[in-house]
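Working through the structure, step by step
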Amino acid sequence: MKWEKKGRLFSAEDFQIAWMESHAQVPVAYILPNGDIRLYFNSRYQGKSAPTYVELDRDTCQIIRVNQEPLLANGRPGTFDDSGVMVSSIVEYQGKIYLYYVGWSQQVTVSYQNAIGLAVSTDGGETFTKYAEGPILGRNVNDPFFTSSPCVIRSGGQWLMYYLSCTGWIAGTEKMEPVYHIKYATSLDGIDWKTSSGNECIKGEGEAVSQPFVMRDQGKYRMWYSMRKLLNYRESPEQSYRIGYAESGDGIIWERLDKQVGIDVSEHGWDSQMVEYANVVDLGERKIMFYNGNGFGKTGIGYAVLRE
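What comes next concerns the included structure. (Residues numbered from 1 in each chain as written. Predicted model: local features only at pLDDT ≥ 70, side-chain atom pairs only at ≥ 80, totals over all residues. Heavy atoms only, no water.)

Remarks on the side chain of Thr195
Among the structural elements, Thr195 can be located in the loop between β13 (193–194) and β14 (200–202). A distance of 3.0 Å separates a polar atom in the side chain of Thr195 from a polar atom in the side chain of Asn142. Contact partners of Thr195, with chain neighbours within four places excluded, come to Leu137, Asn140, Asn142, Asp143, Tyr163 and Ala185. (Helix = DSSP H or I, 4+ residues; strand = E, 2+ residues; numbered from the N terminus. Polar contact = N/O pair within 3.5 Å; in protein donor to acceptor, adjacent residues only side chain to side chain. Contact = heavy atoms within 4.5 Å.)

Focus: the state of the cysteines
The tally for this structure, following the rule as stated, stands at zero disulfides. With no disulfide of its own, Cys61 lies 20 Å from the sulfur of Cys151, the closest cysteine sulfur. There is no disulfide at Cys151, and the cysteine sulfur nearest it, in Cys201, is 11 Å away. A residue is classified by how much of its surface remains accessible, and Cys151, at 3% relative accessible area, is buried. (Disulfide = S-S within 2.5 Å. Buried < 20%, exposed > 50% of the residue type's maximum accessible area, 1.4 Å probe, protein only.)

Topic: the pattern of salt bridges
Under the counting rule described, the total for this entry stands at 20 salt bridges. In this structure, Arg38 and Glu55 form a salt bridge, with 2.8 Å as the shortest nitrogen-oxygen distance. In this pair, Arg38 is assigned in strand β3 (residues 37–45) and Glu55 in strand β4 (residues 48–56), connecting sequence segments 17 residues apart. The exposure class assigned to Glu55 is buried, which follows from its relative accessible area of 10%. Two residues, Lys183 and Asp143, come together in a salt bridge whose shortest N-O distance is 3.2 Å. Taken together, the residues span a long stretch of sequence, with Lys183 in strand β12 (residues 176–187) and Asp143 in the loop between β9 (129–130) and β10 (147–155) at a distance of 40 residues. Just as Lys183 is buried, Asp143 falls in that class too. (Salt bridge = Lys/Arg side-chain N within 4 Å of Asp/Glu carboxyl O.)

Comments concerning the sheet that holds strand β2 (residues 22–31)
Judged by pairing direction, the sheet is antiparallel, and its four strands sit side by side in the order β2-β3-β4-β5 without closing on themselves. Taken across any chain shown, the strands that pair with only one partner, and hence form the sheet edges, are β2 and β5 (63–66). Here the average twist between neighbouring strands, direction ignored, is 30 degrees. (Pairing = 2+ DSSP bridges. Axes fitted to C-alpha atoms, helices over the stretch in contact; angles between N-to-C directions.)

Focus: the sheet that holds strand β18 (residues 254–256)
An order of β15-β16-β17-β18 is seen for the four strands of this open sheet, with the pairing classed as antiparallel. The sheet is open, and its two borders are formed by β15 (207–217) and β18, each paired with just one other strand. Ignoring strand direction, the axes of neighbouring strands in this sheet form an average angle of 30 degrees. Looking at chain direction, strand β17 (residues 242–248) and β18 are connected through three bridges and run antiparallel. When the sheet's bridge partners are listed, Ser248 is paired in β18 with Trp254.

What follows is the structure in C-alpha cells.
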C-alpha cells in the first residue's frame, strides 16, 4: 500500500467556535445517503473533550457544513464520562446509528480512567442520545485498569468490538503513563458485550498500541492502529505515535504488517512529529484515510488517498 497525502483539512481554530478551544481529534467517517462524508471528531474546551462533525464533499473533501454544537454532554458528577466524551466508532443498524464513545473520568492515584459508552441516533446521525449513564464496557475481570478507543463492526450475525485495554501504569518523567494493547469483545446486539481471557489482537513490544480501525476488504480484515513508545512520547518525535497495520482472515487472529502501512510522518509541517488515529473510508473508486498529526490532534485532521 501507498498512501498519498493530500494535506490538512482543518484544525479546531479554523472554525472560531467558542467551545472548540483546541484539537480536532480521532476522525470517524460516515457516508451520507447522498454520498458525501460526515466526519465526526472531538474537540476540547478547558481540557475536556466533546464530539461534533463536519460534512465534506465526497469528490473534493471540501467542507460544506460545520455542526455548531457538541453532540453529547459530559455525564453527571461521578459517572464514567463526567470529564469528557470522545466519539470513536459509528455503526448503522436497523434504521439507527450507534455511536460508540470514550468516557473520561479523573482519578487520584493516576491521571484518568476511561470506559466505553453508547449513544444512539434516530435522525440519521444529526443528534444522539446516550443509551445509559453507565458504560457498556468498563473495567472488568479481563480488563482491570480501563477500556477505551472502540472500533465496532458487524460480521455476519455477530458484532465485534476492537478496543484498547490498559495493562497497567508506569512511572514517567512527570507522571504515571498508561500501557495498553488491543483486544476484542463479542456481542449479539451491539449493547451487551462479552470479553474473555486471551482475547488480545495486537500486543506491543516495548510500545503501547491504541485506536484500532477495522474494515472488511477483498476477503480479509484490515486493521490500522496507533503505536507509540512507552515513555517520552509527548516530548520526542522519535517516541511518538505512528500508524501501524495488520491483516486477518477471521477477524480474531492478526498478523502485524507495520512495514506495509504506506504512511509516515512528513519532513516538516503539521504531521512531521507524529501520525495517528487513522480512519479509512471506502468510496468504491478510492479509499481515503483521515488521520491526526502533531499534538494528538492539536494541529488538526488531514487525509491521504490510497495508491495501490
